[in-house]
Amino acid sequence: MYIGKRIFDIFIVLIASPFLLTAILTICIFSRILIGPRIFFIQKRPGHNCETFNLYKFRTMNEKTDKNGKLLPDFKRITSFGKFLRSSSLDELPSFLNVLKGEMSLVGPRPLLVDYLDRYNDEQIQRHNIKPGITGWAQVNGRNAIDWNKKFEYDLWYVKNNSFLVDIKVLLLTVKKIFKKEGINKNSEDTMDAFLGNKGKN
């Protein structure tokens, strides 16, 4: 990572804090009413050097179950408000707490599932050589509309080429894509297909 990246992250978060706090409080109220009492989604994710941390996001799905008590499929549990949060990327706002805690950066490879760690090949695992980000080079070059190999290609490019100017570019492109809703997979109600692994392939 370039010198000053941590300072840059904190500076941007503090500058944006009035908007962030207002948006987070507003979403908390609507989430409580429209989704349920559990407002936040918290999950272990691997970060820098594969060390795990608790990732914070807003929940986008309710907890409805079938007659056997098993959770319904994702597409049946995601709410209209949840779809809005995903398509606008507002579900990511609680992750700014991860940035303040030093577990994430504003820009970097997105933190994926812990289960994926043993599925990466020797090249792909290098995405963990830097802190994960709320947004990244892969997100502004296709987001969920590109396949896993292309996503990792973009992640690795950023690991090798990250700089202050690249981060500025990514943040500006992120804002543009959020407003234009570009690169959102399947109308934003479905999650991306699981990464099954390329271990042994470089």
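Located above this text is the structure these notes cover.
Thresholds applied
Residues numbered from 1 in each chain as written. Predicted model: local features only at pLDDT ≥ 70, side-chain atom pairs only at ≥ 80, totals over all residues. Heavy atoms only, no water. 1 Å grid on protein atoms, 1.4 Å probe; cavity = no way out; pocket = protein on both sides within 12 Å on 5 of 7 lines; lining within 4 Å. Points joined across faces, edges and corners; volume = space filled by probe spheres on them. Helix = DSSP H or I, 4+ residues; strand = E, 2+ residues; numbered from the N terminus. Expected span 1.5 Å × (residues − 1). Buried < 20%, exposed > 50% of the residue type's maximum accessible area, 1.4 Å probe, protein only. Contact = heavy atoms within 4.5 Å. Polar contact = N/O pair within 3.5 Å; in protein donor to acceptor, adjacent residues only side chain to side chain. Core = buried A, V, L, I, M, F, W, Y, C linked by side-chain atoms within 4.5 Å. Salt bridge = Lys/Arg side-chain N within 4 Å of Asp/Glu carboxyl O.

### Thoughts on the layout of surface pockets
Inference 1: If you add up the space inside the second largest pocket, you get close to 160 Å³.
Inference 2: If you trace the second largest pocket, you find it lined by Val13, Leu14, Ser17, Leu20, Leu21, Ile24, Leu93, Pro94, Phe96, Leu97 and Leu100.
Inference 3: Those elements that provide at least two residues to the lining of the second largest pocket are helix H1 (5-34) and helix H4 (96-100).

### Some remarks on helix H5 (residues 148-161)
Inference 1: In this model, H5 (14 residues) spans 20 Å end to end at C-alpha, consistent with the 20 Å of a helix rising 1.5 Å per residue.
Inference 2: Every buried residue of H5 is listed here: Trp148, Lys151, Phe152, Tyr154, Asp155, Leu156, Tyr158 and Val159.
Inference 3: Elements that come into contact with the buried residues of H5 comprise H1, strand E3 (105-107) and helix H6 (164-180).
Inference 4: Between the side-chain oxygen of the N-cap and the backbone nitrogen of Asn149 there are 3.3 Å, and the N-cap of H5 in question is Asp147.

### A look at the nonpolar core
Proteins that are soluble and globular tend to have nonpolar side chains buried together.
Inference 1: In terms of nonpolar packing, the biggest core is built from 31 residues, with Phe58, Leu93, Phe96 and Leu106 touching the most fellow members.
Inference 2: Listed by contribution, the elements that provide at least two residues to this core are H1, strand E2 (52-58), helix H3 (80-88), H4, E3, H5 and H6.
Inference 3: Sort the elements by how many residues they give to this core and H1 lands first, with six residues.
Inference 4: In this view, Leu106 contacts Phe8, Asp9, Ile12, Val13, Phe96, Val99, Gly133, Ile134, Thr135 and Leu171; residues no more than four positions away in its chain are not counted.

### Regarding the side chain of Asn121
Inference 1: Mapped onto the fold, Asn121 is located in the loop between E3 and strand E4 (133-135).
Inference 2: Take Asn121: its relative accessible area is 6%, and that puts it in the buried class.
Inference 3: Within the structure, the side chain of Asn121 is placed 3.0 Å from the backbone nitrogen of Glu123, a separation counted as a polar contact.
Inference 4: From its side chain, Asn121 meets the backbone nitrogen of Gln124 in a polar contact 2.8 Å long.

### Let's talk about unusual backbone geometry
Inference 1: Even without glycine at this site, Asn49 takes up a positive phi of about 60 degrees.
Inference 2: Examined against the element boundaries, Asn49 turns out to sit in the loop between strand E1 (40-46) and E2.

### As for the side chain of Gln124
Inference 1: By the secondary structure assignment, Gln124 is in the loop between E3 and E4.
Inference 2: A residue is classified by how much of its surface remains accessible, and Gln124, at 5% relative accessible area, is buried.
Inference 3: In this structure, Gln124 is in contact with Arg119, Asn149, Phe152, Leu156, Phe195 and Asn198, ignoring residues within four places of it in sequence.

### Examining the pattern of salt bridges
Inference 1: This structure, assessed with the given rule, holds ten salt bridges.
Inference 2: Glu103 is the salt-bridge partner of Lys101, the closest N and O atoms lying 3.5 Å from each other.
Inference 3: Lys101 gets classed as partly exposed once you look at its relative accessible area, which sits at 43%.
Inference 4: The partner of Glu153 in a salt bridge is Lys150, and the shortest N-O contact between them spans 3.2 Å. In this pair, Glu153 and Lys150 both sit in helix H5, three residues apart, roughly one turn of the helix.
Inference 5: Of the residues examined, Glu153 reaches a relative accessible area of 44% and is grouped as partly exposed.
Inference 6: Among the residues examined, Lys150 registers a relative accessible area of 32% and is labelled partly exposed.

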